[in-house]
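Coordinate inspection notes
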Amino acid sequence: MIRILRSLSVGFLLGWLLLAALGLDGGVPGWWLATALAVAISSIILSTVVRSLAAAGGSVLRLAPSDDAIATAEREGRLHLARVLDISSTGTQINDNPVAELRLVVAPSTRSAYSTRTRALIDQVRLPQFQPGNVVVVLQEKADQPAVTLVQSPPQSWRDRAANDTRVGRMDHAPEWAQEATSTRDARGILRIPAVVLVLLLVVGFAARLYPVRAELTEILAGASPSEVADARTLRLERAESTLDPARAQEVIDDLVAEAGHTRFTKVNLGSTTATGTVPTTPDADTTDEISWRDGKVTAREPSLIQPSGGELPLQTFDAADVDWAGLQELADRLPQQGGFELDDAPSVTVSVPSRASAEDGLPYQISVWGSGAYHDASVTYDPDGNVIGMNGGAAGSEIAAWVAERQG
């Protein structure tokens, strides 16, 4: 499992590095990269630890076996005598008792003697029993593996065997048990995973990271400039978050209408990621409320700071159901070319009751698009059919500036 995760994570990271070089690494949740890094690093560390433990054979701290475990091992022929070749301190103590490493020659009844290592927490008073040359009792954990656990309190019959032994005590060396590899596990007992499978998993991780930007990669392979493709992707992502996105705009209006309790508005402003709506407090009221929308939901509804009065009454409204909200993005996209300058941010669009002059023409509402740049700003006002009814600002020589000059002249 560790190697599987490592291969997937490394493939994912390689894909991220490629996209970073192409400028296409945005648009994917930030936790993906952090998770991939954490999994890759953790799997490498765990793999190293596992390999170290495997290389150390039985040289890991093993808890004293229970009476039931000892009885089961005796029935299965996994209790053996062993000669202590060496005992050394690990430098660790638990409740003032040392954790010692023992090098042993184990003498099973089912195979030839072999040498191995084990670690055990040994009671201070029992230390003399485990000095080099002494015969002790060990429990072989699995019949086909060399790892053993020291039995410090064996059954009386095994104590007698150890005390009366004349064979095992003379064994001063034995070959290590080289565990044979099987079709599914290597000599260290680690599950075999064919190299081709690990390579395939790396490719899967690599492809998983590239999949979200497959369209952009296809464009680059077809000869498009990586920078142009990256800029176009950034614009698409920004638009997807914008309240002017055709699908998002309708969602925003639906939320505002749900909060208002009716479809009558005096003004709706759609910004890059936020929106506001001015609505009559009730359908027939002459007072208004401001409804704010952000991050996919209505965040506030408060009385308008400036209430309508005088010539603004009786209150004029338009029906939100009559507006083509999906068409506002197209109007907003025209502004940079009309104004002759690059905008610092996405333009905002306001749908409102018409001005006094437009109201005389019988328009139910008007649409105003506004944006600004480093040195200029511009606005264009449309009727419900998308026809220009007013322009203002713009850079010298622009369509908007020409429109203004013509009418002022």
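Just above sits the structure.
These remarks concern the structure in this document. (Residues numbered from 1 in each chain as written. Predicted model: local features only at pLDDT ≥ 70, side-chain atom pairs only at ≥ 80, totals over all residues. Heavy atoms only, no water.)

1. A closer look at the packing of aromatic side chains
Counted under the stated rule, the structure contains three aromatic pairs. Between Tyr-114 and Trp-177, the ring centres sit 4.9 Å apart and the planes meet at 70 degrees, which makes this aromatic pair edge-to-face. Of this pair, Tyr-114 sits in strand β3 (residues 114-121) while Trp-177 sits in the loop between α4 (156-164) and α5 (195-210); the two residues are 63 residues apart in sequence, bridging distant segments of the chain. Considered together, Tyr-114 and Trp-177 belong to a single accessibility category, that of buried residues. Aromatic pair Phe-318 and Tyr-365: ring centres 5.9 Å apart, planes at 45 degrees, arrangement tilted. Placement of Phe-318 in strand β11 (residues 318-319) and of Tyr-365 in the loop between α10 (356-360) and β13 (366-372) is noted, with a sequence separation of 47 residues between them. A single burial state applies to Phe-318 and to Tyr-365, both of which are buried. Among the aromatic residues, those joined into a cluster by ring pairs are Phe-265, Phe-318 and Tyr-365. Sitting above the plane of the Trp-177 ring, Arg-111 keeps its charged end 4.1 Å from the centroid. We note Arg-214 situated over the ring of Tyr-211; from NZ or CZ to the ring centre the distance is 3.9 Å. (Phe/Tyr/Trp six-rings, centres within 6.5 Å; stacked < 30°, edge-to-face > 60°. Helix = DSSP H or I, 4+ residues; strand = E, 2+ residues; numbered from the N terminus. Buried < 20%, exposed > 50% of the residue type's maximum accessible area, 1.4 Å probe, protein only. Lys NZ or Arg CZ within 6 Å of the ring centre and 35° of its normal.)

2. Re the side chain of Thr-350
Here Thr-350 is to be found in strand β12 (residues 348-352). Here the side chain of Thr-350 touches Asn-269 through a polar contact of 2.7 Å, side chain to side chain. The residues contacting Thr-350, other than those within four sequence positions of it, are Lys-267, Val-268, Asn-269, Gln-366, Ile-367 and Ser-368. (Polar contact = N/O pair within 3.5 Å; in protein donor to acceptor, adjacent residues only side chain to side chain. Contact = heavy atoms within 4.5 Å.)

3. Examining the sheet that holds β13
Strand order in the open sheet made by the eight strands is β10-β9-β8-β7-β12-β13-β14-β15, with antiparallel pairing throughout. Of all strands in the sheet, those with a lone pairing partner are β10 (297-303) and β15 (388-393), marking the two edges. Taking each pair of neighbouring strands and ignoring which way they run, the sheet shows an average axis angle of 15 degrees. Packing against the sheet, helix α8 (residues 246-260) makes contact with β7 (267-270), β8 (274-280), β9 (288-294) and β10, and its axis sits at approximately 140 degrees to β9. (Pairing = 2+ DSSP bridges. Axes fitted to C-alpha atoms, helices over the stretch in contact; angles between N-to-C directions.)

4. Topic: the pairing of β3
In this structure, strand β2 (residues 97-107) lies alongside β3, joined through eight bridges in antiparallel fashion. Each bridged residue has a counterpart across the sheet, and for Glu-101 the counterpart in β3 is Arg-119.

5. Some details on the environment of Leu-244
Note on placement: Leu-244 falls in the loop between α7 (226-241) and α8. In sequence terms Leu-244 and Gly-327 are 83 residues apart; their C-alpha atoms lie 8.7 Å from each other. If near-sequence neighbours (up to four positions away) are discounted, Leu-244 is found in contact with Ala-249, Leu-270, Leu-328, Gln-329, Ala-332, Pro-347 and Val-349.

6. Re α8
Between its terminal C-alpha atoms α8 stretches 21 Å, which fits the 21 Å expected from 15 residues at 1.5 Å a residue. Within α8, burial applies to Arg-248, Ala-249, Val-252, Ile-253, Leu-256, Val-257 and Ala-260. (Expected span 1.5 Å × (residues − 1).)

7. Focus: the environment of Ala-232
Along the chain, Ala-232 turns up in helix α7. Residues Ala-232 and Glu-216 lie 16 residues apart in sequence; the distance between their C-alpha atoms is 9.0 Å.

8. Some words on the layout of surface pockets
Within this model, the second largest pocket holds a volume of roughly 650 Å³. Contributing elements (two or more residues each) for the lining of the second largest pocket: β9 and α10. (1 Å grid on protein atoms, 1.4 Å probe; cavity = no way out; pocket = protein on both sides within 12 Å on 5 of 7 lines; lining within 4 Å. Points joined across faces, edges and corners; volume = space filled by probe spheres on them.)

9. A short note on the pattern of salt bridges
One pass over the structure, following the stated rule, counts eight salt bridges. Put simply, Glu-76 and Arg-78 hold a salt bridge, and the shortest N to O gap is 2.8 Å. In this structure, Arg-117 engages Glu-101 in a salt bridge whose closest nitrogen and oxygen atoms are separated by 3.1 Å. With a gap of 16 residues between them, Arg-117 in strand β3 and Glu-101 in strand β2 connect regions that are remote in the sequence. Given the relative accessible area of 34%, Arg-117 is considered partly exposed. Take Glu-101: its relative accessible area is 12%, and that puts it in the buried class. Linked by salt bridges that have partners in common, Glu-101, Arg-117 and Arg-119 make up one network. (Salt bridge = Lys/Arg side-chain N within 4 Å of Asp/Glu carboxyl O.)

10. Here we look at the nonpolar core
When a protein is soluble and globular, its nonpolar side chains tend to lie buried together. Counting residues in each nonpolar core, the largest one holds 36 residues, and the members touching the most others are Leu-270 and Trp-325. Those residues in contact with Trp-325 that lie beyond four places of it in its chain are Ala-249, Gln-250, Ile-253, Val-268, Leu-270, Ala-320 and Val-351. The next biggest cluster of nonpolar side chains, apart from the first, holds 17 residues, and it includes Leu-85, Ala-107, Val-137 and Ala-174. (Core = buried A, V, L, I, M, F, W, Y, C linked by side-chain atoms within 4.5 Å.)

11. Some thoughts on the sheet that holds β3
The strand order across the open sheet formed by five strands is β3-β2-β1-β4-β5, and the pairing between neighbours is antiparallel. The open sheet terminates on both sides in strands that have one partner only, identified here as β3 and β5 (148-151). The average undirected angle you get between the axes of adjacent strands in this sheet is 45 degrees.

These figures capture arrangement, not role.
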